Amino acid sequence: MMKTSTSRTRKIAILLACLLLAMAAAGCAGESSPSADSNVPAADPGTDNTAGGGGTTQDPAPATGSTITLSGYEFNTEPVTLTAVVDWPQSFGNWGDDSVTRWITDTVGVTIDITWATTTTGEELNLLLAGGEQLPDFIVTGGGGATAQTLFREQYVAALDELAAQYFPGFTDLLPDKMYEAFQEDDGHLYRTADWFADYDKMMQMRDEGFYVTDGGNQQFLLNRPIYEELGSPSVNTLDEFRAYLNAAKEAHPEIGYPLMMANVAWGDGQDTVNFIYRLFGGQDWLYPNAAGSIELCLRDPRYKSALQYLNGLYNDGLIKDDNFAMAQETFDSTLAGSNLIAFSGSDFNWFGKVPGGETLDGPCLPIMPPNDVSINREDIKLKSLLSGVGGGTATFISADAVNAARAIEYIAFRYTDEAQTAERYGIQGEAWEYDTDGKQIVWTQAYNDIVATDGWLEMSKLYGCNNGTHSWFITNAICKLESGKADYPVRALSQSDAVNQTFCQNERIFDLTKVIKNDDIQMKYEQLMMLVEESVVSCIRAGSESDFNAAYDSFVSTAESLGLADIEAYFTESYQKWESLGMGG
């Protein structure tokens, strides 16, 4: 597609600006902490992506000629190799290494030739775009940043609705409810699909029909169970009790490397410990509507300051280690795998998924009910529900000059069929799982359970393809689970039960949508603010005294204001009110 020289100049300027910001952020932050980049899909055994209906069968309808019928639609089965560039490092294996990618190829003839980036800072994709090279069929990158906006504004990618009208008219019918509305751009077109997009109404219907539907993988606290039981299983219902317990456990076990292990402290990350504790003080997300219906950022809320003060107290007690703020992935993984910690703040699967046998009740991981500040009622806690998710961490585009545009749009549609969604989440029926007698739960095979117990969940996924990063970045639709709530993985069932987490989960789809930025000036200010957040949050936590903390927090607020905090809030307010008017708040 030809572009004017003016457009190309503007395009390169935007890309280089994004690249410089990304490199600057990398230089300021040092090594990123685990899961700090929202582009990287978490391999989440507690989050499930089936289009619904435990009674769907894994076996597709018989192929007729060169087509096959799935979920009532015909798909081409002629062999084809589609190409993709994925804007983060290789996370699992190559296409064909696992059972699900082989099943995809056998079912609809598609093989994906993937080019992986080597970093998570985006410069490789930006340089590819600016270089004017032939683009692959698919571009996979973060859904909420400047690069995603540049892709469709500068016509690097095709409108999916136009491709669907030409090649696969049933495409929009297969999309999860409200995805088209959520991602429709100002020109009326849909350019991307997103991971972790929940068909919220469908999930609620499944729950009403008796399916075992939970949120899966939400932020929470987990304790080192053997240490907790050794100390007499004391009460940890309040934040003060949690702090007292950490100190007692640290005194009893000084050899433990990390009294409190945190997955992240970055705004916008699903495992942000500061935001989690902020909620336990009665706050909400890092942006929220005030009494007048305008969006404010959490810096305006004294409860966010209280959350930072709480973590500062833990730090000065010696309960948080300095290297936790910029920890290499290998150190993070080995710490969890060796249970070299007293407590963990993050998604449950991050810990028990890395420990052989970690999913069992006698394993080291014990999820606990979130301890709240004594000043609020427990029912006022608002933890985010993944059932409300609208994705956006990962976006999938089809390039404007895709060689195989027809098969590319058909492939995305295929990934939304019940058959593909079931394979995406659970692997292949008969190999990894079978339906229980009620047709509403599944039971894992002995071979599946054996590899999880001996080698861990990630190794299982590399072999069986369940939620595998080689393919799950394309489509993950409805977030639910069909596993039994009483067998198989009792720790996972406990961590997502009413007794621990479920009671406090809230639908926050509207806030996810509000965070999407489509204005270049606001995006630049936002990126600068995020760099400030990375530095200031850690500075506040590490402050040596109360006066040092107050000075660090005051500097945080004043610098944010100088960077355009009010402009960002005004932009988010306009966006929030738009989504509210479209009924996205439910």
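Note: the structure precedes this text.
Parameters at a glance
Residues numbered from 1 in each chain as written. Predicted model: local features only at pLDDT ≥ 70, side-chain atom pairs only at ≥ 80, totals over all residues. Heavy atoms only, no water. Helix = DSSP H or I, 4+ residues; strand = E, 2+ residues; numbered from the N terminus. Contact = heavy atoms within 4.5 Å. Areas by Shrake-Rupley, 256 points an atom, 1.4 Å probe, with all protein chains shown as cover. Pairing = 2+ DSSP bridges. Buried < 20%, exposed > 50% of the residue type's maximum accessible area, 1.4 Å probe, protein only. Phe/Tyr/Trp six-rings, centres within 6.5 Å; stacked < 30°, edge-to-face > 60°. Lys NZ or Arg CZ within 6 Å of the ring centre and 35° of its normal. Axes fitted to C-alpha atoms, helices over the stretch in contact; angles between N-to-C directions. Parallel < 35°, antiparallel > 145°, perpendicular 65-115°, else oblique. Left-handed = near helix turned anticlockwise from the far one by under 90°. Nonpolar A, V, L, I, M, F, W, Y, C, P; charged D, E, K, R; others polar. Salt bridge = Lys/Arg side-chain N within 4 Å of Asp/Glu carboxyl O. Expected span 1.5 Å × (residues − 1). Polar contact = N/O pair within 3.5 Å; in protein donor to acceptor, adjacent residues only side chain to side chain. Core = buried A, V, L, I, M, F, W, Y, C linked by side-chain atoms within 4.5 Å. Domains from an automatic or database assignment.

Chemist: Which parts of the structure should I look at to understand the overall build of the protein?
Modeler: A count of helical and extended segments in the protein gives 23 helices and 17 strands. Within the protein, contacts between residues at least 6 apart in sequence are counted, and of these 79% link residues at least 24 apart. Total accessible area computed for the protein in this model is approximately 21200 Å², and 50% of it derives from carbon and sulfur atoms.

Chemist: Can you walk me through the sheet that holds strand β3 (residues 80-86) in this structure?
Modeler: Picture the strands of a sheet paired through backbone hydrogen bonds; they go either parallel or antiparallel. On the basis of which strands lie adjacent, the open sheet formed by 5 strands has the order β4-β3-β5-β14-β6 and mixed pairing. Edge positions in the open sheet fall to β4 (110-116) and β6 (193-194), since each of these has one partner strand only.

Chemist: Can you walk me through the pairing of strand β5 (residues 138-141) in this structure?
Modeler: Every regular strand shows the same layout, with side chains that alternate between the two sheet faces. Of the two faces of β5, the one carrying Phe138 and Val140 and the one carrying Ile139 and Thr141 are both buried. Sheet topology places β3 next to β5; 3 bridges connect them, and they run parallel. Bridge assignment links Ala84 to a residue of β5, and that residue is Phe138. Inspection of the sheet shows β5 paired to strand β14 (residues 395-398) by 4 bridges, in the antiparallel sense. Among the inter-strand pairings, Val140 is bridged to a residue of β14, identified as Thr396.

Chemist: Before we go on, may I ask you to explain the packing of aromatic side chains in this structure?
Modeler: The description of two aromatic rings rests on the distance between their centres and on the angle between their planes. Taken as a whole, this structure holds 30 aromatic pairs when the rule is applied. Note on Tyr73 and Phe168: the rings are 6.1 Å apart at their centroids and 40° apart in plane angle, and the pair reads as tilted. Here Phe168 lies in the loop between α5 (160-167) and α6 (171-174) and Tyr73 lies in strand β2 (residues 73-76), a separation of 95 residues in the sequence. Take Tyr73: its relative accessible area is 24%, and that puts it in the partly exposed class. Linked through ring pairs, Trp267, Tyr278, Trp286, Tyr304, Tyr526, Phe549, Tyr553, Phe556, Tyr571 and Phe572 together constitute an aromatic cluster. Lying over the aromatic face of Phe183, Arg192 brings its terminal NZ or CZ to 3.9 Å of the ring centre.

Chemist: Is there a simple way to explain the packing of helix α12 (residues 302-316) against helix α22 (residues 546-562) in this structure?
Modeler: Angle between the axes and distance between the axes are the two parameters that describe a pair of packed helices. Closest axis-to-axis distance for the α12/α22 pair is 11 Å, and the angle between their directions is 140°. The orientation of α12 relative to α22 falls into the category oblique. Judged by the twist between their axes, the crossing of α12 over α22 is right-handed. Taking contact as the criterion, the partners of Tyr304, Lys305, Leu308, Gln309 and Asn312 in α12 are, on α22, Phe549, Asn550 and Tyr553. Along the lines of polarity and charge, the residues of the contact of α12 with α22 split into 4 nonpolar, 3 polar and 1 charged.

Chemist: Looking at this model, I keep getting lost on the pattern of salt bridges. Mind explaining?
Modeler: Pairing between side chains of opposite charge can happen when the charged atoms of each approach one another. Under the criterion given, the structure shown has 19 salt bridges. Lys518 serves as the salt-bridge partner of Glu185, at 2.8 Å between the closest nitrogen and oxygen. Of this pair, Glu185 sits in the loop between α7 (179-183) and β6 while Lys518 sits in the loop between α20 (509-514) and α21 (520-541), and the two are 333 residues apart along the sequence. Arg415 serves as the salt-bridge partner of Glu424, at 2.0 Å between the closest nitrogen and oxygen. Just as Glu424 is buried, Arg415 falls in that class too. Shared partners join several salt bridges into a network, and the residues in it are Arg279, Asp285, Lys384, Glu508, Asp512 and Lys515.

Chemist: Just to check I follow, could you spell out α12 for this structure?
Modeler: Every α-helix winds through 3.6 residues per turn, so residues three or four apart in the chain are directed the same way. The end-to-end C-alpha distance of α12 is 21 Å, a good match for the 21 Å that 15 residues give at a rise of 1.5 Å each. Among the residues of α12, Tyr304, Ala307, Leu308, Tyr310, Leu311, Asn312, Gly313, Leu314 and Tyr315 are the ones counted as buried. Sitting at the amino-terminal end of α12 is Asp301, which places a side-chain oxygen 3.0 Å from the backbone nitrogen of Arg303. Once α12 ends, the next one or two residues include Gly318, with phi positive near 80°.

Chemist: In this structure, what is going on with the pairing of strand β11 (residues 341-347)? I would like to understand it.
Modeler: With respect to burial, β11 is a largely interior element, 7 of its 7 residues being buried. Where strand β8 (residues 258-262) and β11 come together, 4 bridges link them in parallel fashion. Looking at the pairing, Met261 lines up with Phe344 of β11.

Chemist: Mind showing me how you'd approach α21 here?
Modeler: Helix length check: α21 (22 residues) gives 32 Å between terminal C-alpha atoms against 32 Å at 1.5 Å per residue, within 8%. The distance from a side-chain oxygen at the start of α21 to the backbone nitrogen of Asp521 is 2.9 Å, and the residue carrying that oxygen is Asn519.

Chemist: Can you walk me through the environment of Pro169 in this structure?
Modeler: Locating Pro169 in the fold gives a position in the loop between α5 and α6. Each C-alpha atom, one on Pro169 and one on Ala413, is 9.8 Å from the other, the two residues being 244 residues apart in sequence.

Chemist: Looking at this model, I keep getting lost on unusual backbone geometry. Mind explaining?
Modeler: When glycine is set aside, most residues are seen to have a negative phi, and most peptide bonds are trans. With a phi angle near 75°, Lys178 is a residue other than glycine that sits in the positive phi range. Position of Lys178 relative to the elements: it lies in the loop between α6 and α7. Here the phi dihedral of Ser339 falls at roughly 50°; this positive angle occurs in a residue that is not glycine. Owing to a relative accessible area of 14%, Ser339 belongs among the buried residues under this scheme.

Chemist: What am I meant to see in the sheet that holds β8 here?
Modeler: An order of β8-β11-β7-β12 is seen for the 4 strands of this open sheet, with the pairing classed as mixed. Two strands in the sheet have a free side with no partner beyond their single neighbour: β8 and β12 (365-367). Across the sheet, the mean angle from the axis of one strand to that of its neighbour is 25°, orientation sign disregarded. Summarising the sheet, strand β7 (residues 219-224) and β11 pair through 5 bridges and their orientation is antiparallel. Considered in β11, the bridge of Gln219 is made with Ser347.

Chemist: Whenever I open this one, the nonpolar core confuses me. Can you help?
Modeler: In a soluble, globular protein the nonpolar side chains are often hidden away together inside. Residues Phe171, Leu260, Trp267, Tyr304, Leu529 and Phe572 are the most contacted members of the largest nonpolar core, which totals 121 residues. Among the elements that take part in this core, α21 stands out by supplying 10 residues, more than any other. Counting contributing residues, this core receives three or more from each of domain 1 (51-201 + 390-450) and domain 2 (219-385 + 485-581). Not counting residues up to four positions away in its chain, the partners in contact with Phe572 are Trp286, Leu287, Ile295, Leu297, Thr514, Lys515, Ile517 and Tyr526.

Chemist: Help me understand the environment of Ala395 in this model?
Modeler: Within the secondary structure layout, Ala395 lies in strand β14. Measuring from C-alpha to C-alpha, the distance between Ala395 and Thr141 comes to 5.5 Å, with 254 residues separating the pair along the chain. For Ala395, the residues in contact, after removing those within four places along its chain, are Ile139, Val140, Thr141, Gly142, Gly143, Arg192 and Thr193.

Chemist: Could you clarify how one ought to interpret the packing of α5 against helix α15 (residues 405-414) in this entry?
Modeler: Where α5 meets α15, the closest approach of the two axes is 9 Å, and the angle between their N-to-C directions is 100°. Relative to α15, α5 is oriented roughly perpendicular. Counting all contacts with α5, which are made through Leu160, Leu163, Ala164 and Tyr167, the residues of α15 involved are Ala405, Ala406 and Ile409. Looking at side-chain class alone, the contact of α5 with α15 contains 7 nonpolar, no polar and no charged residues.

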